[in-house]
Amino acid sequence: MILCVDVYYRDEGAIAGGVLFERWEDDRPVREATCHIEQVADYAPGKFYQRELPCIIAILHDFDSSFDVVVIDGFVHLGTKRTPGLGWHLWEKMGRSIPVIGVAKSAFKGTPSESAVYRGKSRNPLYVTSVGISLFEAKARIGSMAGPHRIPTLLKVVDRLCRMAAAD
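It should be emphasised that the depicted structure is a prediction, and the values quoted were computed from it without experimental measurement.

Chemist: Whenever I open this one, the overall build of the protein confuses me. Can you help?
Modeler: Counting its secondary structure elements, the protein contains four helices and nine strands. Helices (α) and strands (β) of the protein occur, in sequence order from the N terminus, as β-β-β-α-β-β-β-α-β-β-β-α-α. For 168 residues, the compact-globule estimate of 2.2 N^0.38 gives 15 Å, and the C-alpha radius of gyration of the protein, at 15 Å, lies within 12% of that figure. Across its three principal directions, the C-alpha atoms of the protein cover 40 × 35 × 30 Å. Out of the 168 residues belonging to the protein, those deemed buried represent 48%. Contacts spanning at least 24 positions in sequence make up 62% of the contacts within the protein whose residues lie at least 6 apart. When the accessible surface of the protein is totalled, it reaches about 9,000 Å², and 49% of it is carbon and sulfur. Between the centroid of the 21 positive side chains of the protein and the centroid of its 20 negative side chains there is a distance of 9 Å.

Here it is as structure tokens:
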């Protein structure tokens with residue numbers, strides 16, 4: 001099982017969401033969940049994980065470890081020096097037992113060109129980083145996800161899920 005997670009920030013707190021699915025090519029989740037996090041840390045440049053990680057951990061609990069890999073909206077590591085990013089810290093928090101794939105829409109300074117994945121007819125890549133799974137395999141998995149456009153369908157679904165829950 002694969003779990004895609006995302007976080008949407010509000011004026012007060014955040015909404016974390018997750019969609020669980022069986023195969024990379026699936027276009028519908030088998031389960032969805034959201035949770036409200038009342039307090040989040042302020043944004044600190046270079047330490048984004050301190051704000052986002054507690055939110056992701058909160059939504060992981062709703063899925064009772066019923067997943068084999070986690071896909072995040074962001075980076076596993078940053079730049080050519082591979083500085084630990086959000087995904088790396090998540091992997092550490094999960095005891096280095098579950099692979100994490102990071103999918104980012106914009107490059108971070110120094111993002112290696114080999115992390116680029118082009119989907120559909122888009123001229124703009126997604127940037128994929130990973131830990132616990134090879135970059136080659138992670139890129140192939142993200143490339144194979146359902147959807148004809150740059151952003152895979154289920155990554156759009158989890159984003160929309162968070163935004164809808166925030167509007168309630």
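Chemist: What am I meant to see in the packing of aromatic side chains here?
Modeler: Within a pair of aromatic rings, the relevant descriptors are the distance that separates the centres and the angle that separates the planes. In this structure the tally under the stated criterion is three aromatic pairs. Of note, Arg31 hangs over the ring of Phe63, and the distance from its end group to the ring centre comes to 4.6 Å. Over the face of the ring belonging to Tyr9 we find Arg51, whose NZ or CZ atom lies 3.9 Å from the ring centre.

Chemist: Where do I start with the pairing of strand β9 (residues 126–131) in this structure?
Modeler: The side chains of a regular strand alternate between both faces of the sheet. Within β9, six of the six residues are buried, which leaves the element mostly enclosed by the surrounding structure. Residue alternation in β9 divides its side chains into two sets, Leu126, Val128 and Ser130 and Tyr127, Thr129 and Val131, and both sets are buried. Where strand β7 (residues 100–104) meets β9, five bridges bridge the pair, whose relative direction is antiparallel. Considered in β9, the bridge of Ala104 is made with Tyr127. Where strand β8 (residues 116–117) meets β9, two bridges bridge the pair, whose relative direction is antiparallel. Paired with Val117 across the strands is Leu126, a residue of β9.

Chemist: Whenever I open this one, helix α1 (residues 48–60) confuses me. Can you help?
Modeler: Every α-helix carries 3.6 residues per turn, so stepping three or four residues along brings you back to the same face. In this model α1 runs 18 Å from its N-terminal to its C-terminal C-alpha over 13 residues, within 8% of the 18 Å that 1.5 Å per residue would give. Among all positions of α1, only Arg51, Glu52, Leu53, Cys55, Ile56, Ile57, Ile59 and Leu60 are buried. On its buried face, α1 is in contact with β1 (2–9), β2 (14–21), β3 (31–37), β4 (69–73) and α2 (86–93).

Chemist: Which parts of the structure should I look at to understand the nonpolar core?
Modeler: Soluble, globular proteins show a tendency: their nonpolar side chains are buried together. Counting residues in each nonpolar core, the largest one holds 27 residues, and the members touching the most others are Leu60, Phe67, Val70 and Leu90. Apart from the residues lying within four places of it in its own chain, the contact partners of Phe67 are Met1, Leu3, Leu20, Leu60, Met94 and Ile98. Counting 22 residues, the second largest nonpolar core, distinct from the first, contains Cys4, Val69, Val128 and Ile151.

Chemist: What should I look at first to understand α2 in this one?
Modeler: Within the sequence span of α2, burial applies to Leu86, Gly87, Leu90 and Trp91. All buried residues of α2 fall inside an arc of 135° around its axis, so they share one side. Buried-residue contacts for α2 involve α1, β4, β7 and β9. With its phi angle positive at about 70°, Gly95 sits one or two positions after the end of α2.

Chemist: What am I meant to see in the layout of surface pockets here?
Modeler: Empty space among the atoms becomes visible once a probe the size of a water molecule is rolled across them. The volume enclosed by the largest pocket comes to roughly 400 Å³. Lining the largest pocket are 24 residues, and of these Phe48, Asp73, Gly74, Phe75 and Leu86 sit closest to its centre. Those elements that provide at least two residues to the lining of the largest pocket are β1, α1 and α4 (153–167). Broken down by element, the lining of the largest pocket gets its largest block of residues, four residues, from β1. Among the residues making up the lining of the largest pocket, the classes are represented as 14 nonpolar, three polar and seven charged. Of the pockets and cavities examined, the second largest pocket occupies roughly 170 Å³. Around the second largest pocket, the lining residues are Val5, Asp6, Ile72, Asp73, Val103, Lys105, Ile151, Leu155, Lys156, Val158 and Asp159. Those elements giving two or more residues to the lining of the second largest pocket turn out to be β1, β4 and α4. A per-element tally of the lining of the second largest pocket places α4 first, with four residues.

Conventions we followed
- Each residue is numbered by its place in its chain's sequence as written, counting from 1.
- Two thresholds apply to this predicted model, a pLDDT of at least 70 for residue-level local features and 80 or more for giving and counting side-chain atom pairs, whereas whole-chain, interface and lining totals are computed over all residues.
- For the side-chain quantities, the full set of heavy atoms in the structure was used; hydrogens and water were omitted.
- Counting from the N terminus, the helices are DSSP H or I runs at least four residues long and the strands are E runs at least two residues long.
- Here the globule rule reads 2.2 Å times residues to the power 0.38, and the radius of gyration is calculated from C-alpha atoms.
- For every residue, the accessible area (1.4 Å probe, protein chains only) is compared with the maximum for its type, and the residue is labelled buried under 20%, exposed over 50%, or partly exposed between those bounds.
- What makes two residues a contact is simply this: any of their non-hydrogen atoms within 4.5 Å.
- Shrake-Rupley sampling with a 1.4 Å probe provides the accessible areas, and residues are treated as covered by the protein chains on show and by no other component.
- In summary, the charge assignment counts Lys and Arg as positive and Asp and Glu as negative, without counting His or the chain termini.
- All charge positions are set by atom: Lys at NZ, Arg at CZ, Asp at CG, Glu at CD.
- Between 30 and 60 degrees the pair is tilted, below 30 it is stacked and above 60 it is edge-to-face, where a pair is any two Phe, Tyr or Trp rings, Trp via its six-membered ring, whose centres lie within 6.5 Å.
- Either the NZ atom of lysine or the CZ atom of arginine qualifies as a charge over a ring when it sits within 6 Å of the ring centre and within 35 degrees of the ring normal.
- One bridge is not enough; two strands pair if DSSP finds at least two bridges between them.
- Multiplying one less than the number of residues by 1.5 Å gives the expected span of a helix.
- Residue types Ala, Val, Leu, Ile, Met, Phe, Trp, Tyr and Cys, when buried and joined through side-chain atoms within 4.5 Å, form a set referred to as a nonpolar core.
- The arc under discussion is defined with respect to the helix axis, by the directions toward the C-beta atoms.
- The definitions used throughout rest on a 1 Å grid laid over the protein atoms alone, on which a cavity is an enclosed set of points accommodating a 1.4 Å probe that cannot get out and a pocket is an open set flanked by protein within 12 Å on both sides along at least five of seven lines; lining residues are those having an atom within 4 Å of a point.
- Grid points are joined across faces, edges and corners, and a volume is the space filled by probe spheres set on the points.
- All amino acids are sorted into three groups, where Ala, Val, Leu, Ile, Met, Phe, Trp, Tyr, Cys and Pro are nonpolar, Asp, Glu, Lys and Arg are charged, and the leftover types, Gly among them, are polar.

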